[in-house]
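Notes for the structure review
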Amino acid sequence: MSTTERPRILVVGGGYVGLYAARRILKKMRYGEATVTVVDPRSYMTYQPFLPETAAGNISPRHVVVPLRRVLPKAEVLTGRVTTIDQDRKVATVAPLVGESYELPFDYLVIALGAVSRTFPIPGLAEQGIGMKGVEEAIGLRNHVLEQLDKADSTTDEEVRRKALTFVFVGGGFAGAETIGEVEDMARDAAKYYTNVKREDMRFILVDAADKILPEVGPKLGTWGREHLESRGIEVFLGTSMDSCVDGHVVLKNGLEVDAGTLVWTAGVKPNPALARFGLPLGPRGHVDTSEKLQVQGTDYIWAAGDNAQVPDMVGRRAGNPNAWCPPNAQHALRQAKVLGDNVISGMRGFPQKEYSHANKGAVAGLGLHKGVAMINLGKMKIKLRGRLAWYMHRAYHGMAVPTWNRKIRVFADWTLAMFLKREVVSLGAIESPREEFYEAAKPAPAPAVAKPEGEKAKAS
Ligand SMILES: Cc1cc2nc3c(=O)[nH]c(=O)nc-3n(C[C@H](O)[C@H](O)[C@H](O)COP(=O)(O)OP(=O)(O)OC[C@H]3O[C@@H](n4cnc5c(N)ncnc54)[C@H](O)[C@@H]3O)c2cc1C
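The structure reproduced in this document is the subject of the present report. (Residues numbered from 1 in each chain as written. Predicted model: local features only at pLDDT ≥ 70, side-chain atom pairs only at ≥ 80, totals over all residues. Heavy atoms only, no water.)

So, the sheet that holds strand S5 (residues 76-86)
Applicable threshold: Strand pairing requires that DSSP identify at least two bridges connecting the strands. Numbering of helices and strands runs from the N terminus, with a helix taken as a DSSP run of H or I at least four residues long and a strand as a DSSP run of E at least two residues long. Think of each axis as a best-fit line through the C-alpha atoms, taken over the contacting stretch in the case of a helix, with angles from 0 to 180 degrees between the N-to-C directions. In what follows, a contact means two residues having at least one pair of non-hydrogen atoms within 4.5 Å.
Here 7 strands make up an open sheet; going across it, the order is S7-S6-S5-S2-S1-S8-S20 and the pairing mixed. This sheet does not close on itself; its edge strands, each paired only once, are strand S7 (102-105) and strand S20 (302-304). With direction set aside, neighbouring strand axes in the sheet form an average angle of 40°. As judged from the 3 bridges shared by strand S8 (residues 108-111) and S20, these two strands associate in the parallel manner. The residue of S20 that forms the bridge with Leu 109 is Ile 302. Against the sheet, helix H1 (residues 16-28) makes contact with strand S1 (8-12) and strand S2 (35-40), and its axis sits at roughly 170° relative to S2, the strand it touches most.

Here you go:
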């Protein structure tokens, strides 16, 4: 950590908002005007919209993350977690990857911690559930699913086989619908390499408490999305929730009980609970309460944006809805980060702050190779697309939206290669415990059993 006479702009979180805000600040800043410090427990930003495609193996995991030190060469990047903020002394406490926590003074603060999976106290969920918020989870899910096929192919126990081939996904929003769409596509495609597993042996189940899936693309396309998934043999249960999943025995409120080897939990997100220790004003659902200028209410040196902030939706409010808030998505996070960056510079120089206002441009979702839905807002006109064309829109949009040209080129290269080479279907489950085999080889051998003299043997028996 550098100690300088310059004011420090501390960016807490190096995700979408943190990365783009820091870039903007560095771009607009005069030489030596301030030190920009970004703190994140990961050394990379994750492009979350690509996690479902990563889980399906269409994109290499390394290509959906952006190394912070490489894209922010003029910033100080610290790998650790901010645990508390003392506003009176203007210091943050940082818990680094290793070693003691330390205090980091700041003059200006950006809060960009994002969200975490929203869970409920459902018996078995913590032990069985796989989330879909980070690249580690996407890699883990892919390995896990392919390992289930390996298990099913090699067992003679019908119960074990049936459980391994049952996959339950809870949550039918963007993350859930895209993940089941991609993973089902990959798993059924992989079945052709297995002697004892057929495409139709697999059971995929999608559960949502709401009465529709994909609310982000509107009711018509959401219905099409559901019907499309059902036409592929995915069972969709709406208006119901999961009561328990102890040891993989899934029980739904609607009475369905099934043993599943895989349980993916994508039932929404909530603001990062670490915010509760920052002493900032929070809204009813735990978001940082932020003005339309992205300034944290009651402060003039703290800004917040993205999934951890409740930002008024000025377009909605001007249209007559006084309770309109920006939804937690990448579209807003990216645009808010740019306004936030400009406002930090203005705040530092004593200039007025800009308002954040952005009209929703629509949404695109991929549901497996060559399948998707897209809704594009062109002023008052809405264009609704589905199927292959929507899937091209999805790829074109996200392929260009992933940060840095380096990542854009790598992602398009992955997609291009996949057109000519077959999909990779190897499970690298051992990647999660890479030292296990070496440990077994290196651990001291047990003492050899000493042969007992004949007489003693007779006594013992
Ligand atoms: C599977 C999936 C698919 C999605 N698809 C789409 C899509 O198609 N379109 C769309 O618009 N949006 C999509 N989203 C949503 C979008 O990715 C988020 O809205 C966006 O990432 C929010 O940006 P953020 O900066 O607020 O949070 P994040 O990008 O999550 O960044 C938060 C950062 O804070 C860091 N952090 C956490 N705790 C601490 C701490 N104590 N100290 C320091 N740092 C900390 C984290 O490590 C992380 O890097 C998707 C999300 C998921 C999970």
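Quick look at helix H8 (residues 218-231)
Heads up, the rule is: To estimate how far a helix should reach, multiply one less than its number of residues by 1.5 Å. Throughout this description, buried means an accessible area under 20% of the type-specific maximum (1.4 Å probe, protein chains only), exposed means over 50%, and partly exposed covers the range between. By arc we mean the arc of the directions from the helix axis to the C-beta atoms, nothing more.
For H8, which comprises 14 residues, the first-to-last C-alpha distance of 20 Å matches the rise-based estimate of 20 Å (1.5 Å per residue) to within 8%. Considered for burial, the residues of H8 that qualify are Gly 218, Leu 221, Gly 222, Trp 224, Gly 225, His 228 and Leu 229. Down the axis of H8, the smallest arc covering the buried residues is 160°, so these residues share one side. Exposed and oriented more than 90 degrees from the buried face of H8 are Pro 219, Lys 220 and Ser 231. The inward-facing, buried residues of H8 abut helix H7 (174-190), strand S12 (203-208), strand S23 (372-378) and strand S24 (381-386).

Section: the pattern of salt bridges
Applied cut-off: In the sections that follow, a salt bridge refers to a side-chain nitrogen of Lys or Arg positioned within 4 Å of a carboxyl oxygen of Asp or Glu.
On inspection of all chains with the given rule, the structure shows 22 salt bridges. Salt-bridge contacts for Arg 89 lead to Asp 86; the nearest nitrogen and oxygen are separated by 3.3 Å. Close ionic contact of Asp 185 with Lys 371 constitutes a salt bridge, the shortest N to O distance being 2.7 Å. With Asp 185 in helix H7 and Lys 371 in the loop between strand S22 (362-366) and S23, this pair connects stretches of sequence that are 186 residues apart. Ionic contacts of the salt-bridge type, sharing partners, join the residues Arg 24, Lys 28, Asp 342 and Lys 354 into one network.

Re the side chain of Gln 310
Note the cut-off: Whenever two N or O atoms come within 3.5 Å, that pair is a polar contact, provided that in protein one can donate a hydrogen and the other can accept it, and provided that, for residues adjacent in sequence, both atoms are side-chain atoms.
For Gln 310, the position within the fold is in strand S21 (residues 309-310). Residue Gln 310 is classed as buried on the basis of its relative accessible area, which comes to 12%. Of the polar contacts made by the side chain of Gln 310, one reaches the side chain of Asp 289; its length is 3.1 Å. Excluding its chain neighbours within four sequence positions, the residues that come into contact with Gln 310 are Gly 283, Pro 284, His 287, Val 288, Asp 289, Thr 290 and Trp 325.

Some thoughts on the packing of aromatic side chains
As a reminder, the rule being used: A pair of aromatic rings is counted whenever rings of Phe, Tyr or Trp (Trp by its six-membered ring) have centres within 6.5 Å, and the orientation is called stacked for planes under 30 degrees apart, edge-to-face for over 60 and tilted otherwise. Whether a charge sits over a ring depends on NZ of Lys or CZ of Arg being within 6 Å of the ring centre and within 35 degrees of the ring normal.
Enumeration over the complete set of coordinates arrives at 10 aromatic pairs. Taken together, a centroid distance of 6.4 Å and an interplanar angle of 40° make the contact between Tyr 108 and Trp 303 tilted. Of the two residues, Tyr 108 is situated in strand S8 and Trp 303 in strand S20; the sequence distance between them amounts to 195 residues. For Tyr 108, a relative accessible area of 17% gives the class buried. A centroid spacing of 4.6 Å and a plane angle of 15° characterise the contact between Phe 167 and Phe 204, whose relative ring orientation is stacked. Of the two residues, Phe 167 sits in strand S11 (residues 166-170) while Phe 204 sits in strand S12, which places them 37 residues apart along the sequence. Judged by relative accessible area, which is 0%, Phe 167 ranks as buried. Given the relative accessible area of 0%, Phe 204 is considered buried. Put simply, the rings of Tyr 16, Tyr 20, Tyr 47, Phe 50, Phe 412 and Trp 415 touch in pairs and so form one group of aromatic residues. Lying over the aromatic face of Tyr 301, Lys 90 brings its terminal NZ or CZ to 4.2 Å of the ring centre.

Observations concerning the site of the ligand
Heads up, the condition is: If a single non-hydrogen atom of a residue is within 4 Å of a molecule or strand, that residue counts as near it. Accessibility throughout is a Shrake-Rupley quantity obtained with a 1.4 Å probe, and a residue counts as covered only by protein chains that appear here.
Val 17, Asp 40, Gln 48, Asp 307 and Ala 330 are the nearest of the 30 residues found near the ligand. Val 17 places a polar main-chain atom, nitrogen or oxygen, 2.8 Å from an oxygen atom of the ligand. Taking Ala 112, its main chain carries an N or O atom lying 3.5 Å from an oxygen atom of the ligand. Here the ligand, which alone exposes 1000 Å², has 92% of that area covered by the protein. Ranked by the residues each element gives to the shell around the ligand, the list is headed by helix H10 (residues 330-349), at 3 residues.

Here we look at the packing of H1 against H10
As a reminder of what qualifies: Every angle not falling under 35 degrees, over 145, or within 65 to 115 is termed oblique; those three ranges are roughly parallel, roughly antiparallel and roughly perpendicular. Crossing chirality is assigned from the near helix's rotation relative to the far helix, an anticlockwise turn below a right angle marking it left-handed and a clockwise turn marking it right-handed. Residue classes follow a fixed rule: Ala, Val, Leu, Ile, Met, Phe, Trp, Tyr, Cys and Pro count as nonpolar, while Asp, Glu, Lys and Arg count as charged, and any other residue, Gly among them, counts as polar.
Viewed as axis vectors pointing N to C, H1 and H10 meet at an angle of 40°, and their least axial separation amounts to 8 Å. Considered as vectors, H1 and H10 are oriented oblique to each other. Read as a crossing pair, H1 and H10 show a hand that is right-handed. The segment H1 lies against H10, with Tyr 16, Val 17, Tyr 20, Ala 21, Arg 24, Ile 25 and Lys 28 engaging Ala 330, Ala 333, Leu 334, Ala 337, Lys 338, Leu 340, Gly 341, Asp 342, Val 344, Ile 345 and Arg 349. Residues of the contact of H1 with H10, tallied by class, amount to 12 nonpolar, 1 polar and 5 charged.

Quick notes on unusual backbone geometry
Despite not being glycine, Leu 214 has its phi angle at roughly 50°, a positive value. Inspection of the secondary structure assignment puts Leu 214 in the loop between S12 and H8. Classification of Leu 214 by relative accessible area gives buried; the value is 0%. Despite not being glycine, His 370 has its phi angle at roughly 65°, a positive value. For His 370, the location among the structural elements is in the loop between S22 and S23.

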